[in-house]
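# Observations on the three-dimensional arrangement
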Amino acid sequence: MARDIELTGLRQNNLKDVTLRLPKERLTVFTGVSGSGKSSIVFGTIAMESQRQLNETFSAFVRHRLPKHERPRAERMAGLTAAVVVDQKPVGGGARSTVGTMTEVHALLRVLFSRRGEPSAGLATAYSFNDPQGMCPGCDGLGRTVELDLDLLIDPDLSLNQGALALHPIGTAPWQIYATTGLFDPDKPLRDFTRKERELLLYGSGFKVKRGDYNNTYEGVVVRFDRLYLQRAREQVDEEARPYVRERTCATCGGARLNAAALASRIGGRNLADHCAMEVSDLIEVLGRLGDPVAEAAVESLRRIEAIGLGYLSLARETPTLSGGEAQRLKTVRNLGSSLTGMTYIFDEPSVGLHPRDVHRLGDLLVELRDKGNTVLVVEHDRDLIALADHVVDLGPGAGADGGRVVFEGTVPELTAGPTLTGRMLRRTTGLKERVREPSGRLTVAGANTHNLKDVTVHLPLGVLTAVTGVAGSGKSTLMRRELVAQHPDAILIDQSAIAASIRSTPATYLNAMDPLRRLFAQANGVSPGMFSFNSAGACPVCKGRGEIKTDLAFMDPVTRVCDACGGSRYNPEALSYTVAGRTIADVLAMTADEAARVFDLPQVARLGELGLGYLTLGQPLSTLSGGERQRLKLAHRLRERGRLYVFDEPTSGLHMADVDTLLALLDRLVDEGNTVVVVEHDLDVVKHADWVIDLGPEAGQHGGRVVFEGTPAELTEASTYTAKYLVKSLD
Ligand code: ADP
Ligand code: ADP
Ligand code: ZN
Ligand code: ZN
């Protein structure tokens, strides 16, 4: 078997004919500023090609049913092994997927209960909330029920003609049945309905009514709602219905998900649901005392979860509620449990969400994976994790078109001594700021008790930059996202979650720059603005405005090629015959934000440059942006507002140390323009730069949830919290 992974002539996205040799069974870290091309190599090329090659080993029959992977743009790729991508995407599975089911500890506990539970409920499936034998009949094992909230659905002060039914606006078909078939007086406010009329409106069913030429079966408002939204959509309530329902803990099982027989079965006084509700760290102790081989196997898995800093989670926690960093760490644990070797593991910034205290534990796990005989590739900015690398690939020198080259390959000491931006940043130490800003006032968040918070009250300084710190699970996000933003709804939350947008969205459409551009083109050429939209009159008829054509060949990889008719521009010939300042609309969309801002008066676009995103083109699909790029694009969208409270959730993730400097300059500007900025952060450079720090802890989960320090960064260096300890260490 080849000793190296050999990659020649890589050209995916911004890569400029990159040639690389990656040592197998080693830990390689990829560094470089955001947008330099790290993901294009690791995910866009290596992971993509490994998956494609793997798919080729299946029969045509199977292959046809697998997701299709296109061949990355590369001349030669040799020595690849099967790849496992451990990323921050949410763990799927819906409400039936929990930390326990995902890590398979739940399955072990079921076996344990079937053997040792008193009285035993039967075999292991009798303890499964995902199996009819074990699930609570009241909630089908979900632990909660959804119910219609009538107060939200109907407004008793209004009549049908005034729009009393929130879900059935005037003129819709259901409204016509209620208001125009003679059953009710459409002008009478609902509160004046007789008891009988009210019953009929809400719960009536089973008879025909005539509307126009049709006979319709009558369904009362609640009956219809139940049929359409609640019966089929228990696990996931329809978006449309969500505003009108309330979730309640299931009355039958009290949220335990299991039926009476399973819940009656106990070990040491606790039933299975009690075990699942405990924090992992406590569960380890309880199971450890049993001296049972199955319990021991469970303890072994639980110890891994604890080792990676997730001991504060419970097995009952639903995986869709985990943060991206937590999800990634759990996936890591799951892979460590496997005995596979000779694989390529690919991690996307695994340090996200981790306090400096816990980063080394994660590092231990990466090294453990390598030592089992796997190749480990990591995209990372954290100094402590970079330090563990056997080999570093540094990309750059810049982002987008200015990046895409390997600027350094070698060991960490060589990198740190070398001339690249990453090398220089690794050599740098930053001190505390000389002066902190004085707050213009205080904003109180009082009596916060959500999740693990213990009646927390904080007085957030206004008009300054505040960092909220603490180990993962201490309660930072809960305090900021659930309490601050809920108590002060005009706060602007900026995180890295996906932008809800169509596949045709681009920076230009997102920042509302398309309308002025279309109007400019329309006025200059005397045609309608729709001519310059690739979603309407201007669309290329061949690719329908997509710019590319995807051919699905039955038994081969799909081929995407640029549309011949429009050359990838998405526009039809007529649209492309019009110009402004010598450029067609397609030429404008191919310009970078920096160029476009120079030529046209587009303030929205000019802001991208201020945020370090000037290299994006106006027409780049939003789906191709990284999390960090998305976060800054969202910021560009809101940047002109003044006197506001901005809350950033870990804004440095995906950012190189040099990008962090740009971010800090931007946060400073926001504050200096009269805004209040709060960042939930682990990056010590950000903490040093803050005017005020709120540190939560002391530990995670039930052992956290308190404010352990409030004050300036200088005062923090005198404190005795974990954050204080690592802050002092970073100043040496
Ligand atoms: P990094 O991982 O270093 O942040 P990426 O590899 O994600 O960088 O991106 C490198 C460049 O390629 C960026 O300019 C990015 O916007 C661009 N890019 C990434 N994916 C796509 C894509 N699917 N289509 C077009 N451009 C892309
Ligand atoms: P941090 O942001 O400091 O990492 P979190 O606010 O995410 O901490 O978590 C604090 C505590 O609240 C932890 O014990 C965590 O398990 C719990 N928690 C967070 N989100 C949820 C949720 N959606 N459901 C139940 N518990 C949660
Ligand atoms: Zn139930
Ligand atoms: Zn076309």
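Just so you know, the residues in each chain are numbered from 1, in the order the chain's sequence is written. Key to labels: chains lettered from A, ligands numbered from 1, both in the order written. Confidence filtering applies because this is a predicted model: local features only for residues at pLDDT of at least 70, side-chain atom pairs given and counted only at 80 or more, and all residues used for totals across whole chains, interfaces and linings.

Under the annotation held in an unreviewed UniProt entry, the protein carries the name UvrABC system protein A and is attributed to Nonomuraea solani. On record in UniProt, under Sequence similarities (unreviewed entry), the comment for the protein is "Belongs to the ABC transporter superfamily. UvrA family." UniProt positions are given in the numbering used here, feature names are shortened, and annotations may be inferred rather than shown by experiment.

Let us now look at the overall build of the protein. Secondary structure assignment for the protein yields 29 helices and 25 strands. Over its C-alpha trace the protein gives a radius of gyration of 29 Å, about what one expects of a compact globule, namely 27 Å for 732 residues. When the backbone C-alpha atoms are referred to their principal axes, the protein occupies close to 85 × 85 × 70 Å. Any residue surrounded by 20 or more other C-beta atoms within 10 Å of its C-beta is treated as buried, while 12 or fewer makes it exposed and the intermediate range makes it partly exposed; C-beta atoms here are placed from the backbone. When burial is assessed residue by residue, the protein has 43% of its 732 residues classed as buried. What counts as a contact is two residues whose backbone-derived C-beta atoms lie within 7 Å of each other. For the protein, the share of sequence-separated contacts (at least 6 apart) that also reach a separation of at least 24 residues comes to 67%. A run of H or I in DSSP becomes a helix once it reaches four residues, and a run of E becomes a strand once it reaches two; helices and strands are each numbered from the N terminus. We compute the radius of gyration from the C-alpha atoms alone; for a globule the expected value is 2.2 Å times N to the 0.38, where N is the number of residues.

This brings us to unusual backbone geometry. The step from E118 to P119 runs through a cis peptide bond, and the omega angle for that step is -15 degrees. G396 connects to P397 through a cis peptide bond whose omega is 0 degrees. By secondary structure assignment, the location of P397 is in the loop between β14 (391-396) and β15 (405-410). Even without glycine at this site, K544 takes up a positive phi of about 55 degrees. As for its placement among the helices and strands, K544 is situated in the loop between α20 (514-525) and β20 (548-551). The phi angle at A581 is positive, at roughly 50 degrees, despite the residue not being glycine. Mapped onto the elements of the fold, A581 is located in the loop between α21 (573-576) and α22 (585-589). Given 10 C-beta atoms within 10 Å, A581 falls into the exposed group.

On to the site of ligand 1, then. We call a residue near a molecule or strand when the C-beta position, derived from backbone atoms, sits within 6 Å of it. Of all residues adjacent to ligand 1, which total 16 residues, the nearest are K38, S39, S40, G400 and T624. In the scheme used here, Gly and all other residues not listed as nonpolar or charged are polar, with Ala, Val, Leu, Ile, Met, Phe, Trp, Tyr, Cys and Pro taken as nonpolar and Asp, Glu, Lys and Arg as charged. Among the residues forming the shell around ligand 1, the class breakdown is two nonpolar, 13 polar and one charged.

Right, let's get into the domain arrangement of the protein. Domain start and stop points were drawn from an automatic or database domain assignment. As assigned here, the protein comprises domain 1 (5-90 + 322-425), domain 2 (99-143 + 251-308), domain 3 (146-249), domain 4 (441-491 + 644-731) and domain 5 (507-624). The C-alpha-based centres of domain 4 and domain 5 are spaced at 40 Å.

Glancing now at helix α14 (residues 356-371). Every α-helix carries 3.6 residues per turn, so stepping three or four residues along brings you back to the same face. In this scheme, a helix's expected span is set at 1.5 Å multiplied by one less than its residue total. Look at α14: 24 Å from first C-alpha to last across 16 residues, which is about the 22 Å you get at 1.5 Å a residue. Just downstream of α14 lies G373, where phi reads positive at about 100 degrees.

Attention now moves to the packing of helix α4 (residues 105-116) against helix α12 (residues 293-307). Axis lines are fitted through C-alpha atoms, for helices just across the contact stretch, and the angle between N-to-C directions can take any value from 0 to 180 degrees. The geometry of α4 relative to α12 is characterised by a closest axis approach of 9 Å and an angle of 160 degrees between their N-to-C directions. When the axes of α4 and α12 are compared, the pair comes out roughly antiparallel. Here α4 runs over α12; the crossing is left-handed. Of the residues in α12, those in contact with V105, L108, L109, V111, L112 and R115 of α4 are V294, A295, A297, A298, S301 and L302. Every angle not falling under 35 degrees, over 145, or within 65 to 115 is termed oblique; those three ranges are roughly parallel, roughly antiparallel and roughly perpendicular. The sense of a crossing depends on the near helix, which, turned anticlockwise from the far helix by less than a right angle, makes the crossing left-handed and, turned clockwise, makes it right-handed.

This part takes up the sheet that holds strand β4 (residues 76-78). Paired strands are those between which DSSP finds at least two bridges. Reading across the sheet, the three strands line up as β2-β1-β4 and stay open at both edges, with antiparallel pairing between neighbours. Strands at the two margins of the open sheet, each flanked by one partner only, are β2 (18-23) and β4. Across this sheet, the average inter-strand angle for adjacent strands is 10 degrees, counted without regard to direction. By the bridge criterion, five bridges tie strand β1 (residues 4-10) to β2 in an arrangement that is antiparallel. Paired with E6 across the strands is R21, a residue of β2.

Ordered by their spatial adjacency, six strands build an open sheet running β19-β22-β23-β18-β24-β25, and the pairing between neighbours is mixed. The sheet terminates laterally at β19 (492-494) and β25 (706-711), the two strands that pair on one side only. Averaged over all pairs of adjacent strands, the angle between their axes in this sheet comes to 20 degrees, without regard to strand direction. Bridge count for strand β18 (residues 465-469) against strand β23 (residues 676-680) is four bridges, and the pairing is parallel.

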